[in-house]
Structures are given as structure tokens and as C-alpha cells.
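Read off the chains here:
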Amino acid sequence: MTSIESAWSAVGGDGALPGRVTWVAREGVLRARLPVRELGRACVGAAALAGAELGARRAGLGEVPGVRVDDGAVATAFTSERHLLINGRAPVNFAPMSRFWRTADGWVRTHANYPHHRERLLKVLGRADHLEAAFAERSALEVEEAVYAAGGLAVALRTPEEWAAHAQAAAIAERPLVERARIDTAPARVLAPIDATPLLPAAGLRVLDLTRVIAGPVATRTLALLGADVLRVDPPHHPELPDQHADTGFGKRSAVLDLRADRRAFEELLASADVVVTGYRPGSLDRFGLSPEALAERRPGVVVAQVSAWGAYGPWGGRRGFDSLVQVATGIAVTEGSRERPGTLPAQALDHGTGCLLAAAVLRALSEQYDEGGSRVVRLALARTALWLTSGSAAGEAGTGSEAGTARETDAGSEVGAGGAAGATGAAGATSEADAGSTAGAGGEVGAAGAADTPAEAGTTDTAGAAGAVGGGGEVGGAAYEAPDPWLAESDSALGRLRYALPPVSFAGGPVDWARPPGVWGADSARWA
């Protein structure tokens, strides 16, 4: 099931530590037929617990600090792109061609936020003003294959049963939620001791961020929150969407580097990197010497973290993908709506959940290196997270079942707006791509109303806020989730005045906000601070 125990087990954690987690439960968050709230709690809880564990070790604490997971903070963070304001302007999360389209026999969903994906879609289907007719003339599977063959992104709507019979689903079901491996016998890691005020478990660590869109950037944004020096590096010929960068760039610096022309600069970065995180299509970076084995050979002791849409295996192992497309392929869109009227999750939960789990896996790998040494690799896939969500099974197993919730359907034929939503139902957003040119409840219930209804003051450590978790887990009842305001903050930045979602990762003594707002994309030097 989608619980902290299964998430924590998936990243190799000590089975006794989930008792350090306390939930602040709120009604009205992440309503869905599938257990989206539970997935969010588990993934955020695992990231916070992994950070608290590493922090306790580096600071010489006698016990792991208590962790608090607040449903309000999770729901707000999982929809962070909807709450972002830049000088009062709401971001554009969906291009008009990123939507559901009716075909001759059903539906497909396309993703065309990036200009090169829009061009490839139009190459197959013709003029933009005749797309509806072009889709209606073809079957959903015909569109899927033709667009993918051209390098674009389109996925046919499938029922859960149809996806279960697909060869890619079978390959995914054979894999654990988090793939973890030791690459070599590099010496045990020695990390400098840290202070406990604030407790920054990743302080002094250098993270090379080669990710795009949401899932990978959420992971590295989390590591930045916990003190890491995160340098995001993008190719100059494929700029990130500005609003997407503003949402996921907190705590990081951003540089551009052409790996084909300036390998020396990259090798200098790698020489002192502790972690390398990639979010490109599986195998697409190998030609640059960026496979986990090649990286570990040049930088022994490195932790390599990889995230993709479909996994690096099976017939779809080399395909690009986004959260919204994974929802459509895996039957989630039918579960949340119907075959005639497909729906979406209330948040880009596959992206955000996978990103939090990826951060947890990195932090746990660093903890394991203390005792065992060895370069490490961890891998996650949005489609494997989708299986975890839809099956309700343990993280390493397949299974069936779901939790009842509130149905969410989109007006599939009219989902063309920038926000991707129809009415009040919401929509799956612009999600994590795996592209070579871009990128993919513990304890009992206590009826203490109103506990920790607001986050700690931004810029301070989370002491009182997580104190309730010190006693060893459980659930506290908070006020209903009526608005995101308690979990929003504002800051001046090089991009203008920002309103943004505060991080959901919280443990006693830890940070409650990022040390820096996002800067201009690509404006920093490609070197460590």
C-alpha cells in the first residue's frame, strides 16, 4: 500500500524509523478515487525521514529528529505550479496542444509544451487549425505510434486492464519501486560534521543537476533545501520553460553547458561532485560518458540518481514521457473519470511523489556510504510510481485495489487552456519528461484539532512545528484544507516578486524555506560555488 512504511522500505530504511513520523491530517486535500493523499504523505515523509536520519548522523545527535508531514503542506507543494505568481502573473502550465483529443475510436493525450515537440506533432498531423479533424480520422493507437515515431509525444487512453496486458506494464511490474545498487568498492564516505541549528543534512555536498521539467527538479530542489550546493546544467540549445524554471529552481544555481563542445568544464564539475542526478530519456546521455558506471569510474564514490517516465527497460524503455501521459497510458485517467470522459489526478502526483522519493533515495545512499562505501545508483520511473498508486500493494510487489475518493473528470474535448483544466476539476499538468533534448499512514489517530495549523515562520528552523513528532509517530487532526495560504510565501528575486509554495519536507530543527530564490535560467557560471 502507499504508506510511509512501504516508501521507507523501498529506499532501504530502518523499519523502526517510520515511528518518528507524525501526520497532520486535513480533510479536503488531493481528493481522488486513488489514494493520492496517501502517496503524497508517504513520499514526503520518506524524504524528510531520510534527511533527518542523515542530519542526525552528521550532527552527532542521539536520536533521529521527529518528522512532521502536514497534509496542507503536501497538497500545496504537489500543486506548486498552480500557486506560483511572478510579479502577480500566473504561470502558463499547458500549451494549447497539450490536451486530450478525440480519435476515431477513443482518446489520445498529447504533450507539446516544448517547441520541438509541437513541431513534431504538427509534422504528423498537419496544420494546427485542422488538428481535431486529423485526430478524428485515425485510431488512438495509430496516432500514438505515428507521433512517437516522429519524436513527438502522444499516448492512447487505456483502461487499467488494457495497460496490465501491455508488455511495458509487465516489465515495470517486475521492478521494485526504487531500484538501488552498489556499483563498486569505493572507500566509505567521510562527511564533515555539521551544526544542528539549523540542521542541514546535505550541507557541503555538491549536486550536479542534469534534469528538466518536474520530477527530477523536485528531487534536486529538495536536496537544495537541505543544504546541498545544487548546480543545474542545461544544454544551451534547449532552454527550460521560464515558468517551470521559476517553480522548481529554488535553492539552485543554473548554468548552460554544451557537452559536445566543452567536456573539460563538465569533467571539472564531476571531479568534485558528490551526487549526479539525471532526468533524460534512458540511455540518451550514455554517449557523453554519463552512464552510472562511467561516472563512477571517473568519480569513485559518486551517487548517481536517475528518473525516467517509463523505466529503462521493456519495449517503451527508450521513450519520452510526462506525468500526464503516464496517467493516460496506465489507466489512471479512466479510473479518475471514465473511458468516455477521461479524468486526471488532482495534482501532478507521479512527478512530485517520484521526485520526493528520488531525494529520499539519494539521502539514504549517502547514509549507507558512511558504513559501506561504494559508488551508488538509484533509479525511479513515473510509471512504476503509477503502479504503486494504482495497486495499493507493497513497494516491491504487484497487486490490485484502490481507495475510494471523489471522482475527477475533465471536459476532455475542451482541455486546451494554459492551465489544462476544465471547470473546477483540474488537470494533469506539464510533467517530467525523459528526453535526450530535454527530459521523467503510520500510527494511531488522535483527535487534537488544529494542531500545527500554520507552518513555522519562513527563514527559521522547524522546531516547534515538528515537535509533535518527537514522541514517536501518530496522526493529529488539523483544520480542514480550505486554502493554500498558510503554506505560501513571497520573495524578491532576479525574476521579480515571487509567490510560491513552501517545501513540504519538515523535521525538528530543519529548514523551512530555501536559502535562495530561483535566478535567471542559465545565468550562473558552470562551476561550483
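Preceding this paragraph is the structure being described.
Residues numbered from 1 in each chain as written. Predicted model: local features only at pLDDT ≥ 70, side-chain atom pairs only at ≥ 80, totals over all residues. Heavy atoms only, no water.

Peer 1: What should I look at first to understand the sheet that holds strand E17 (residues 488-493) in this one?
Peer 2: Taken together, three strands build an open sheet; the order of strands is E3-E18-E17 and the sheet is antiparallel. Bordering the open sheet on either side are strand E3 (85-86) and E17, each of which pairs with just one other strand. Pairing of E3 with strand E18 (residues 496-501) involves two bridges; the strand directions are antiparallel. Pairing of leucine 85 across the sheet is with arginine 499, part of E18. (Pairing = 2+ DSSP bridges. Helix = DSSP H or I, 4+ residues; strand = E, 2+ residues; numbered from the N terminus.)

Peer 1: It is not clear to me how the pairing of E17 should be interpreted in this structure. Could you clarify?
Peer 2: The side chains of a regular strand alternate between the sheet's two faces. With six bridges joining them, E17 and E18 adopt antiparallel strand pairing. Within the sheet, the bridge partner assigned to aspartate 492 lies in E18 and is arginine 497. Following E17, the chain reverses through two residues before pairing antiparallel with E18.

Peer 1: Would you mind going over the environment of tyrosine 148 with me for this structure?
Peer 2: Of note, tyrosine 148 is situated in helix H7 (residues 140-149). Classification of tyrosine 148 by relative accessible area gives buried; the value is 10%. Taking the C-alpha atoms as reference points, tyrosine 148 and arginine 320, 172 residues apart in sequence, are found 8.5 Å from one another. If sequence neighbours within four positions are ignored, tyrosine 148 has contacts with Leu153, Ala154, Val155, Trp310, Arg319, Arg320 and Leu325. (Buried < 20%, exposed > 50% of the residue type's maximum accessible area, 1.4 Å probe, protein only. Contact = heavy atoms within 4.5 Å.)

Peer 1: I tried to follow the pairing of strand E1 (residues 21-25) on my own but got confused; where do I start?
Peer 2: With respect to burial, E1 is a largely interior element, five of its five residues being buried. Residues Val21, Trp23 and Ala25 point to one face of E1 and Thr22 and Val24 to the other, with burial holding for every one of them. Here E1 runs beside strand E2 (residues 67-70); their pairing, made up of four bridges, is parallel. Along E2, the bridge assignment pairs valine 24 with aspartate 70. Between the parallel pair E1 and E2, the chain is carried across by helix H2 (residues 36-59), and the sense of this crossover is left-handed. (Right-handed = clockwise from strand over helix to strand, strands pointing away.)

Peer 1: Would you explain helix H12 (residues 263-271) in this entry?
Peer 2: For an α-helix the count is 3.6 residues per turn, leaving residues at separations of three or four pointing the same way. Within the sequence span of H12, burial applies to Ala265, Phe266, Leu269 and Leu270. Around the axis of H12, the buried residues are gathered within 135° of arc, so they sit on the same side. For H12, the secondary structure elements touched by its buried residues are strand E8 (206-210), strand E9 (229-234), strand E11 (275-278) and helix H13 (292-298). (Arc of directions from axis to C-beta.)

Peer 1: When you look at H2 in this model, what are you seeing that I'm missing?
Peer 2: The end-to-end C-alpha distance of H2 is 34 Å, a good match for the 34 Å that 24 residues give at a rise of 1.5 Å each. Counting buried positions along H2 gives 21 out of 24 residues, so the element sits mostly inside the fold. Within two residues after H2, glycine 60 carries a phi angle of roughly 70°, on the positive side. (Expected span 1.5 Å × (residues − 1).)

Peer 1: Any chance you could explain the sheet that holds strand E6 (residues 154-156) here in plain terms?
Peer 2: Note on sheets: strands pair through backbone hydrogen bonds, and any given pair is parallel or antiparallel. Ordered by their spatial adjacency, three strands build an open sheet running E4-E5-E6, and the pairing between neighbours is antiparallel. Each edge of the open sheet is held by one strand with a lone partner, namely strand E4 (100-102) and E6. Strand after strand, the sheet turns through a mean of 30° between neighbouring axes, direction not considered. Here three bridges tie strand E5 (residues 107-110) to E6, and the two strands are oriented antiparallel to one another. Within E6, the position partnered with threonine 110 by the bridge is alanine 154. Against the sheet, H7 touches E5 and E6, its axis set at about 155° to E6. (Axes fitted to C-alpha atoms, helices over the stretch in contact; angles between N-to-C directions.)

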